[in-house]
Amino acid sequence: MTENRSKLNKELAQMLKGGVIMDVTSPEQAKIAEDAGACAVMALERIPADIRAAGGVSRMSDPKMIKGIQKAVSIPVMAKVRIGHFVEAQILEAIEIDYIDESEVLSPADDLHHIDKTRFNVPFVCGARDLGEALRRVAEGATMIRTKGEAGTGDIVQAVRHMRTLNSEIRRVVSLREDELYVAAKDMQVPVHLLQYVHENGKLPVVNFAAGGVATPADAALMMQLGAEGVFVGSGIFKSGNPAKRAAAVVKAVTNYNNPAILAELSEDLGEAMVGINADEISILMAERGK
Amino acid sequence: MRIGVLALQGAFIEHIRMLESLGAETFEIRNISDLKERPDGLILPGGESTVMSKLLQDLGLYEKLRSLILSDTPVMGTCAGLILLAKYVEGGRPSLATMDITAVRNAYGRQLGSFETYAPFADTGDIQMTFIRAPVITAPGKNVVVLAQVDGNIVAAREENQLVLSFHPELGKDPAVHRYFINMISGNA
């Protein structure tokens, strides 16, 4: 990936800011998401809640199914590959996907290495639980970061923890003296030039979204008030009673995240939220995959 | 000079920073109460036009914004903002539909087709132009002045108080386009 391509890919993420990216499993769902105001869709065969329920090995989706979704909507289409599975990424690049999510939600293909994302022209988003993970993914070529949260649970607690951790670490890095950044970079296992960027700008060098466990408009607004620049909603929409209505409400909540009167109005009468599982009660913590 | 930047979704902060670097006062437009006072200018930023178009309706902003534009408030639309202003949209529904152009959405294809180039804009000489899943303009009406072309495609145009760009002048460091818009507001362009 040339420097210029990397810049364009960061800039596409800038265009997604203030928006909601929704998991969809069919062209019909993609259409519902687009009509509800999604700024992009994530095409996958099974949403995280079902991946969690089914167990076994979870892989990249069938390219035919992804192409069906690309045909159905005009907004950007993203899809997931397994951590470290660079051939799945090559396949998605070949079908001109708009963004690849190298995702802990699928079964990791490599327990040591992430994909060298600098070798691709298509952009990548990766999950992170803290500043160290985020900057390591950026060093590998990610042009967008999201919290890992705990996908498929409908429990927001992990996403909140990851966003708070990331932002408090950013504030700490800003407060350091310049000559202290070298040791900080060593301790965090990140390249010093990325830490210098954070020190000077008080933010990540790429856009940062919230993901994992967002189920309600209030959850989405909570993540925005904690500093997210946009929100991924996975199982929360299509595992709920009225997906179209809930999807539209989450979109409006992200735009008006600081306006409690509007949030109250659009939280009314949304039907059943996804049932959810408490993140402490599950045996597989997806967020532990890929550090 | 107070310029309202539509802040429903997309890259609105980049516009605000650019305008403030030129000394203009800005405010975000998120719902109808933000438009109590008449702004001197409006910016419709880049992002997803389908999202902004829907939110304009849902949040009750559509009529008010449209009447401001039709009553000569200077407006600049970039990328998705261009699509919102176009009277005709190939492969999509028009939104505000105030400017006599046809917008072709995603004219350069998917993200792999996004690119950066330098080309002349109005009378300012070459400027950096960043195209991200960008639209182009076809069928400009008789009062539309073409301000920039790239590879034969119209990528910037103006009709009276409305300025549209396929590319993203808010992303680079060059404030030439925003300066042009500010001159438009003050009646000097």
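Basis of the calculations
Residues numbered from 1 in each chain as written. Chains lettered and ligands numbered in written order. Predicted model: local features only at pLDDT ≥ 70, side-chain atom pairs only at ≥ 80, totals over all residues. Heavy atoms only, no water. UniProt positions renumbered as here; feature names shortened; annotations may be inferred. Helix = DSSP H or I, 4+ residues; strand = E, 2+ residues; numbered from the N terminus. Rg over C-alpha atoms; globule rule 2.2 N^0.38 Å. Contact = heavy atoms within 4.5 Å. Areas by Shrake-Rupley, 256 points an atom, 1.4 Å probe, with all protein chains shown as cover. Lys, Arg positive; Asp, Glu negative; His and termini not counted. Charge placed at Lys NZ, Arg CZ, Asp CG, Glu CD. Buried area = accessible area lost by both parts, 1.4 Å probe. Polar contact = N/O pair within 3.5 Å; in protein donor to acceptor, adjacent residues only side chain to side chain. Nonpolar A, V, L, I, M, F, W, Y, C, P; charged D, E, K, R; others polar. pLDDT = per-residue confidence, 0-100. Core = buried A, V, L, I, M, F, W, Y, C linked by side-chain atoms within 4.5 Å. Buried < 20%, exposed > 50% of the residue type's maximum accessible area, 1.4 Å probe, protein only.

An unreviewed UniProt entry annotates chain B as Pyridoxal 5'-phosphate synthase subunit PdxT originating from Methanocorpusculum parvum. According to UniProt, the comment filed for chain B under the heading Pathway (unreviewed entry) is "Cofactor biosynthesis; pyridoxal 5'-phosphate biosynthesis." UniProt, in the comment section headed Function (unreviewed entry), describes chain B in these words: "Catalyzes the hydrolysis of glutamine to glutamate and ammonia as part of the biosynthesis of pyridoxal 5'-phosphate. The resulting ammonia molecule is channeled to the active site of PdxS."

Looking up chain A in an unreviewed UniProt entry gives the name Pyridoxal 5'-phosphate synthase subunit PdxS, with the organism given as Methanocorpusculum parvum. What the UniProt record of chain A gives under Catalytic activity (unreviewed entry) is the line "aldehydo-D-ribose 5-phosphate + D-glyceraldehyde 3-phosphate + L-glutamine = pyridoxal 5'-phosphate + L-glutamate + phosphate + 3 H2O + H(+)". In its Sequence similarities (unreviewed entry) section, the UniProt entry covering chain A states "Belongs to the PdxS/SNZ family."

What follows deals with the overall build of chain A. If you tally the helices and strands in chain A, you get 13 helices and eight strands. Relative to the globule expectation of 19 Å for 291 residues, the C-alpha radius of gyration of chain A, 18 Å, shows essentially globular dimensions. Along the first, second and third principal axes, the C-alpha set of chain A runs to 55 × 45 × 40 Å. Taking all contacts inside chain A whose residues are at least 6 apart in sequence as the whole, residues at least 24 apart take part in 67%. Summing over all exposed atoms, chain A offers an accessible surface of approximately 11300 Å²; the carbon and sulfur share of this is 49%. Between the mean site of the 33 positive side-chain charges and the mean site of the 39 negative ones, chain A shows a separation of 2 Å.

The next subject is the interface of chain B and chain A. You'll often see interface size given as the accessible area lost when the parts meet. The interface of chain B with chain A comprises 33 residues on the first partner and 38 residues on the second. Taken together, both faces of the contact between chain B and chain A bury some 2800 Å²; the carbon and sulfur share is 53%. When the buried surface of chain B facing chain A is broken down by residue, R110(B), Q111(B) and L112(B) rank first, second and third, together holding 26% of it. At the junction of chain B and chain A, the tally comes to 21 residue pairs in polar contact (both at pLDDT 80 or more). Those elements that place two or more of their residues in the side of chain B that touches chain A are α2 (49-58), β7 (115-120) and β8 (126-131) of chain B. Split by residue class, the side of chain B that touches chain A holds eleven nonpolar, twelve polar and ten charged.

What follows deals with the confidence of the model for chain B. Low pLDDT marks regions whose predicted coordinates should not be analysed in detail. Chain-level statistics for chain B give a pLDDT mean of 96 and a share of 100% at 70 or above. For this predicted complex, the interface score ipTM comes out at 0.95, alongside a pTM of 0.95.

All names here are of chain A. Per the UniProt annotation, the sites labelled "active site" (unreviewed entry) are K80. Looking at the secondary structure, you find K80 in strand β3 (residues 77-82). If sequence neighbours within four positions are ignored, K80 has contacts with M42, A43, L44, M60, L92, D101, S103, V105 and L106. At 2.8 Å, the side chain of K80 and the side chain of D101 are in polar contact.

Our next topic: the nonpolar core. By size, the foremost hydrophobic cluster in this structure holds 110 residues, and its most contacted members are M144(A), M223(A) and L6(B). Among the elements that line this core, the one with the most residues is helix α12 (residues 243-255) of chain A, at seven residues. In this view, L6(B) contacts F12(B), I29(B), I43(B), L44(B), P45(B), M52(B), L56(B), L61(B), L65(B) and L84(B); residues no more than four positions away in its chain are not counted. The next biggest cluster of nonpolar side chains, apart from the first, holds 31 residues, and it includes L147(B), L163(B), A176(B) and I182(B).

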